[in-house]
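The primary structure of each chain is shown beneath.
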Amino acid sequence: MRRSFFVLQALQYVLGGNRRYVVTQMSSNLSSDSQRLIEWSIAIQQIAAPTGAEATRAAWVAATLRELGYAVEMDDLHNVYACRSGERRTPALVVSAHTDTVFPVAVDLSIRRDERHHRIFGPGLGDNSLGVAALVWLADMLRAQPAPPVDIWFVANVGEEGNGDLRGMRAALDRLTATDPGAVGAAIVIEGMGLSRIVHQALASRRFRIHVTAPGGHSWSDFGAASAVHLLVQLAADITQLRPPKNPRTTFNIGVIEGGTSVNTIAQHAALELDLRSEEPAALESIVQQVQAIISRYQTVHWQQAGVTVTSAVIGDRPGGAIAADHPLVEAAIASLRGLRVKPQMSMRISSTDANIPLSRGIPAVCIGVTEGGNAHRTDEWIATQPIDNGLRHLLGLTQWATQWLGKASPSHLGA
């Protein structure tokens, strides 16, 4: 397959007391690469991959990387691993993209093209089929290049969305650092959308499933018996009265509620799923305690005597972490975008992504995008095709810069 060759002239890092970055553009046309990336993205998107069922999509990634000449491994979770060997093994750079989507298997995955506005629509196309395709493209591009200063691990990981709780990235870093805690020096996480953003702060979150049981019965003959649905909606209403701080920004959301048997049955079971997030760990702990206090109101002797039980279980715990805005990796990503005449959206620096895991472990990490898009997590999700050239330049340039930086920097320079 024809490759678009170009000369890398970007992101030269100068070590020393005064750090500076010299950014120019990459020459040559990437239109053929962009078209191939789109074709790969659609092929990936057509493989349903809800969180917890990524095996078929992972197999596609593994097969494609093998066709490109890589030795590929897959773990029990269906994370896919391939390595571009460097002049030395560590501290390695991890470049990752998550394979799972929020959409169930039954969702119609049809693609629609809007040539007039240079957009392609399809569920999960931007989040994160394009990101996975970009990971494969990057592996292909670097395969024929001279050996990088350090190893580059390409990881297509599972479990980023919803209740996946970032389990794929947790397992990947556990695996890659099993024999040497310092084996990974930095991470670049790829998302299909969000070209102009650089995420370097991990948004911490805690997720709960609150389950209620009650005696229930017939809506007429047993009227007055405790209802799991009635109690759960009371509890939910109490949660909605919480007033979390605006600074640090802290949020709650009841995303799922279920229960009951029929319209004329007093419910015996009901449950909800609650998402809590905050920019600051202390604020997150505070709203967690407020929710626990609400739950405890429905665990008293009064409710127990009525036959009611209320339990809560943590179903997600995404850790926080950050690197500073003047960290070399962040400055390099900013310089890369500016060199491509893309204005960085610094207001978008915090999010919940796979980068949470390396950041929480003190490993410098950023999450970057390949193009712009919209309607993420909706069936009319779309990506813009025109910015993809710049997205590829950004990804390749930052990756090559990061390996140079890791090859030169002392351990004290790597820390978050």
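Here, every reference points to the structure presented above.
Let me begin by describing the structure that accompanies this report. Since this is a predicted model, take the numbers as computed values, not measurements.

Let's talk about the overall build of the protein
- Helix and strand content of the protein: eleven helices and 22 strands.
- Considered along the principal axes of its C-alpha atoms, the protein spans approximately 80 × 50 × 40 Å.
- Every one of the 416 residues in the protein was classed for burial, and the buried ones make up 52%.
- Within the protein, contacts between residues at least 6 apart in sequence are counted, and of these 79% link residues at least 24 apart.
- Of the accessible surface of the protein, which amounts to about 18100 Å², a share of 50% is contributed by carbon and sulfur atoms.
- Side chains of the protein carry 36 positive and 37 negative charges; the gap between the two charge centres is 7 Å.

Section: the environment of Ala 139
- Relative to the helices and strands, Ala 139 is located in helix 3 (residues 125-143).
- For the pair Ala 139 and Gln 400, spaced 261 residues apart in sequence, the C-alpha to C-alpha distance is 12 Å.

Details of the sheet that holds strand 7 (residues 119-121)
- Judged by pairing direction, the sheet is antiparallel, and its four strands sit side by side in the order 6-7-22-21 without closing on themselves. Lying at the two open borders of the sheet, with one neighbouring strand each, are strand 6 (112-114) and strand 21 (373-374).
- Here strand 6 pairs with strand 7 via three bridges, running antiparallel. Residue Arg 112 lies in a different strand from strand 7, and its bridge partner there is Phe 121.

Focus: the sheet that holds strand 9 (residues 184-193)
- Taken together, seven strands build an open sheet; the order of strands is 3-4-8-5-9-20-10 and the sheet is mixed. Looking at which strands have only one partner, the edges of the open sheet turn out to be strand 3 (72-74) and strand 10 (198-199).
- Here strand 5 (residues 88-98) runs beside strand 8 (residues 150-157); their pairing, made up of seven bridges, is parallel. Considered in strand 8, the bridge of Val 95 is made with Phe 154.
- Contacts from helix 2 (residues 55-67) reach strand 3, strand 4 (80-84) and strand 8 within the one sheet, and its direction differs from that of strand 3 by about 165°.
- Lying on the sheet, helix 4 (residues 167-176) is in contact with strand 3, strand 4, strand 5, strand 8 and strand 9; it crosses strand 8 at an angle near 150°.

Here we look at the packing of aromatic side chains
- This model, assessed by the stated rule, comprises three aromatic pairs.
- For the pair Trp 401 and Trp 405, a centre-to-centre distance of 5.5 Å together with 10° between the ring planes defines the contact as stacked. Residue Trp 401 and its partner Trp 405 are located together in helix 10 (residues 388-408), separated by four residues, close to a single helical turn. For the pair formed by Trp 401 and Trp 405, the shared burial category is buried.
- The ring of Trp 382 has Arg 119 lying over it, and the distance from NZ or CZ to the ring centre is 3.6 Å.
- Over the aromatic face of Tyr 81 sits the side chain of Arg 175, whose NZ or CZ is 4.4 Å from the ring centroid.

Here's the deal with the nonpolar core
- Of all hydrophobic cores here, the largest spans 84 residues; its most connected members are Leu 37, Leu 65, Val 95, Phe 154, Val 366 and Leu 398.
- No other element matches helix 3, which puts twelve residues into this core.
- Beyond its immediate chain neighbours, meaning those up to four positions away, Val 366 contacts Ala 187, Ile 188, Val 189, Ile 198, Val 199, His 200, Ile 323, Leu 329, Val 330 and Leu 398.
- Counting 28 residues, the second-largest nonpolar core is a separate cluster that includes Val 212, Leu 232, Leu 274 and Tyr 298.

So, how was this worked out
- Residues numbered from 1 in each chain as written.
- Predicted model: local features only at pLDDT ≥ 70, side-chain atom pairs only at ≥ 80, totals over all residues.
- Heavy atoms only, no water.
- Helix = DSSP H or I, 4+ residues; strand = E, 2+ residues; numbered from the N terminus.
- Buried < 20%, exposed > 50% of the residue type's maximum accessible area, 1.4 Å probe, protein only.
- Contact = heavy atoms within 4.5 Å.
- Areas by Shrake-Rupley, 256 points an atom, 1.4 Å probe, with all protein chains shown as cover.
- Lys, Arg positive; Asp, Glu negative; His and termini not counted.
- Charge placed at Lys NZ, Arg CZ, Asp CG, Glu CD.
- Pairing = 2+ DSSP bridges.
- Axes fitted to C-alpha atoms, helices over the stretch in contact; angles between N-to-C directions.
- Phe/Tyr/Trp six-rings, centres within 6.5 Å; stacked < 30°, edge-to-face > 60°.
- Lys NZ or Arg CZ within 6 Å of the ring centre and 35° of its normal.
- Core = buried A, V, L, I, M, F, W, Y, C linked by side-chain atoms within 4.5 Å.

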